[in-house]
Structure formats: C-alpha cells, structure tokens
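# Descriptive structure summary
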Amino acid sequence: MSAIDTLPPLREVIATHGLVAKKALGQNFLLDLNLTAKIARQAGDLTQSDILEIGPGPGGLTRGLLAEGARRVLAVEKDQRCMPALAQIAQAYPDRLQVINGDALEINPLDHLTPPVRVVANLPYNVGTELLVRWLTPPEWPPVWSSLTLMFQREVAERIVAQPGSKAYGRLALLAQWRSNARIVLNLPPEAFSPPPKVSSAVVHIQALPAPRYPCDAKVLERIVAQAFNQRRKMLRAALKGAAPDIEDRLLAAGIKPTDRAETIDLERFCALARLVAQP
Ligand code: SAM
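For clarity, every value in this text was computed on a predicted model and none was experimentally measured.

## So, unusual backbone geometry
At the junction of Trp-141 and Pro-142, the peptide bond is cis and its omega measures out at 5 degrees in the coordinates. Topologically, Pro-142 is positioned in the loop between helix 5 (125-136) and strand 6 (145-153). Note that the residue after Ser-194, namely Pro-195, is joined by a cis bond; omega there is -10 degrees. Position of Pro-195 among the secondary structure elements: in the loop between strand 8 (193-194) and strand 9 (201-208). Positive phi is not limited to glycine here, since Asp-95 has a value of about 65 degrees. In this structure, Asp-95 sits in the loop between helix 4 (83-92) and strand 4 (97-101). Looking at Asp-95, the relative accessible area reads 79%, which means it is exposed.

## With respect to the environment of Ala-43
Here Ala-43 lies in the loop between helix 2 (33-41) and strand 2 (50-54). When the C-alpha atoms of Ala-43 and Ser-166 are compared, they prove to be 27 Å apart, with 123 residues separating the residues in sequence. Contacts of Ala-43, omitting those with residues within four sequence positions, involve Arg-118, Val-120, Ser-147, Thr-149 and His-205.

## Some points on the domain arrangement of the chain
If you check the domain split of the chain, you get domain 1 (10-208) and domain 2 (218-278). For domain 1 and domain 2, the distance between their C-alpha centroids amounts to 33 Å. Surface buried jointly by domain 1 and domain 2 totals about 1,000 Å² across both partners, of which 71% is contributed by carbon and sulfur atoms. Together, Tyr-169, Leu-174 and Trp-178 form the three largest contributors to the area buried by domain 1 at its contact with domain 2, with a combined 50%. Taken together, the links from domain 1 to domain 2 amount to zero salt bridges. For the pair domain 1 and domain 2, the number of links is four residue pairs in polar contact (both at pLDDT 80 or more). For the side of domain 1 that touches domain 2, the residue count by class is five nonpolar, five polar and three charged.

## Observations regarding the site of the ligand
As a structural note, the neighbourhood of the ligand is formed by 20 residues, with Leu-30, Gly-55, Glu-77, Asp-103 and Asn-122 the closest of them. At 2.8 Å from a nitrogen atom of the ligand is found a side-chain nitrogen or oxygen belonging to Asp-103. One of the side-chain nitrogen or oxygen atoms of Asn-122 is found 2.8 Å away from an oxygen atom of the ligand. Taking 590 Å² as the accessible area of the ligand by itself, protein coverage stands at 99%. Mapped onto the shell around the ligand, the elements with two or more residues apiece are strand 1 (29-30) and strand 3 (72-77). Residue composition of the shell around the ligand, by class: eight nonpolar, seven polar and five charged.

## Topic: helix 3 (residues 60-67)
In terms of residue burial, helix 3 counts as a mostly covered element, since seven of its eight residues are buried. Considered for burial, the residues of helix 3 that qualify are Gly-60, Leu-61, Thr-62, Arg-63, Gly-64, Leu-65 and Leu-66. Gly-69 occupies a position one or two residues after helix 3 and carries a positive phi of about 100 degrees.

Criteria and thresholds
Think of each chain on its own: its residues are numbered from 1, step by step along the sequence as written. The model is predicted, so local features are restricted to residues of pLDDT at least 70 and side-chain atom pairs to those at 80 or more, both for listing and for counting; the totals for chains, interfaces and linings are taken over all residues. Working from all heavy atoms in the structure, the side-chain values ignore hydrogens and water. To qualify as a helix, a DSSP run of H or I must reach at least 4 residues; to qualify as a strand, a run of E must reach at least 2; elements of each kind are numbered from the N terminus. Per-residue accessibility, obtained with a 1.4 Å probe over protein chains only, is compared with the maximum for each type, and a residue is labelled buried under 20%, exposed over 50%, and partly exposed between these values. The contact criterion used throughout is that any non-hydrogen atoms of two residues lie within 4.5 Å. Segment limits for the domains were obtained from an automatic or database-derived domain assignment. Buried area: the accessible area, evaluated with a 1.4 Å probe, that two parts lose upon being put together, summed over both parts. A carboxyl oxygen of Asp or Glu within 4 Å of a side-chain nitrogen of Lys or Arg is what we treat as a salt bridge. Pairs of N or O atoms within 3.5 Å make up the polar contacts considered here, provided that, within protein, one atom can donate a hydrogen while the other can accept it, and that residues adjacent in sequence are counted only when both atoms are side-chain atoms. Three categories are distinguished: nonpolar for Ala, Val, Leu, Ile, Met, Phe, Trp, Tyr, Cys and Pro, charged for Asp, Glu, Lys and Arg, and polar for the others, with Gly belonging to the last. Distances are taken per atom, and a residue is near a molecule or strand as soon as one of its heavy atoms is within 4 Å of it. Methods summary: accessible areas were calculated by the Shrake-Rupley approach with a probe of 1.4 Å, and residue burial reflects only the protein chains presented.

If you want it as structure tokens, here you go:
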C-alpha cells in the first residue's frame, strides 16, 4: 500500500477540518487525485527536484506531487485551517513535505530550496498574476526555478502564451516568452473544482531558458512593454511618448512604424527597441 492510500479521501478531510471554501482566498479545491497526479506529471521529472507549491489548501495537488515522487515539497498556505490536513500528509511522507503557514506575497521561500527547483501550484486567482510576474522578473537570469507549472483562469493562461496580433497578446506574453518556453498543457472545466468557479481553467508549463531569446536590459524591456500596452489602442509614438528622446527615430531603427500599435509588435522588435531606448 502506498503512502497516499493511507490518507482519508479529500472530501472527508474537508468535512473533518471544516474547510468551507473562502472566496477571499480564491479557494476552489481539486478533489480528484487522478487529476492532481496528472497535473503533477506535467511538471516533468519530480524525483530529482525540490518543489515549491503555493496554496496547497487541503492538499490534493500536494498528494499528487508526493505520489509522483517529488524529492521534497515546500508548501506555503495562508489559511491556518488547512494546517492539520497538511500535517497528516507530511506524516504519511516523512521528511518530504514542509509546510509554511504564511502569505506567499510576503515570503520568498525559493531561496531555501535546492536546485533544480520546480514551482507547481493551483494558484489563488487573486494573487496568481502577481506571483507569476515576480517569478518571471528575478534579479538574475537564469532564475532559481527551472520550471513553473501553474493553474490559472483560462483567460490568463491564454495571455501568457499569446502571439502578436491576438487580443490576449501583451505584457504577460512578452515577459513569459522572452526568457522561457510557455505552453498550455491542460484545460479544466469549472466542474473539476469544488466549489466550481465561474470560468474555465488551464495549466501552463513554463520552462526557463538558459538565456534570453534576444539581448536587452530587463528593466528597460519591462518598462517600455508596460508603457506600450498601458494604452494598447494608441499608436506607439503616442503610447511611448516620453519613454526616450526621439522616440520616433528609435521606433524606426527597431523596425517599428511609429503608427503601429503595441499588439502587432513581436518580441524581437520589442527587444531591439529596449536596446535602442537604453542608449543615451
Ligand atoms: N492547491 C489546492 C487544490 O488544488 O485543491 C488549493 C488551490 S486554491 C485555488 C488556492 C489556495 O491558495 C487556497 O488554499 C488558499 O487558501 C491559498 N492562498 C490564497 N492566497 C494565498 C497567499 N497569499 N499565500 C499563500 N496561499 C494562499
């Protein structure tokens, strides 16, 4: 009998510990252990990796990660009510699960893990994008993590993998695709969760590249991309006004027409523009 079989079913865990889902914490739980194992497998080989899981809740995905052989899981959960359920899992997998009761926006546990580190999470919707942007913009590249396997609302997942010319294309796509490979690996209907959210969800797998696809300064790229998409319907000569002196000349030198709109410009040209904007 494997360790996972000694644990009670998740519905029972939720009833025992009174884990009534709280909307404010983005709580939509996965109760199907076949599904959580499938999500865990999307992260690649777990046996040689330390895993950071944000928001384990009652522990469905945590169980999946451990059952799939994760070397070690560090889980950060804000809701104190979930601690007894997670302690029970830690007991079933001695020395492999550590749980921190805290806010993932306030602590950075990545530094406490031994590479290779993979982040796997069914993220709370209210903090998911913020955490993703932090992971994609670390002070150094390559980052501490080698991959991110994350559940988002489908609409957010589409923004991460979007290509130029589509409505979903913007800051998230450019940040994710500059230094990583990002793809949607699983789609989930609302009924996969308890309680079901209003929208569909998707799992995105993001693999860090050893170096950026095109060279440029990260801070300058982040700044011009944010400015360009802040007013995405505007022509770039207006949206980027003030980004640098002679912005029209720099746009032209990067192969961009000043009358183009941000959503039509690919990553390579944004990086060229960032290099030109960084020049005195
Ligand atoms: N992983 C579980 C699953 O798949 O069933 C629960 C996922 S639920 C969508 C999101 C979880 O993140 C909840 O357990 C919630 O309490 C937790 N959470 C919300 N905000 C958080 C924060 N700032 N830091 C850490 N955990 C948080």
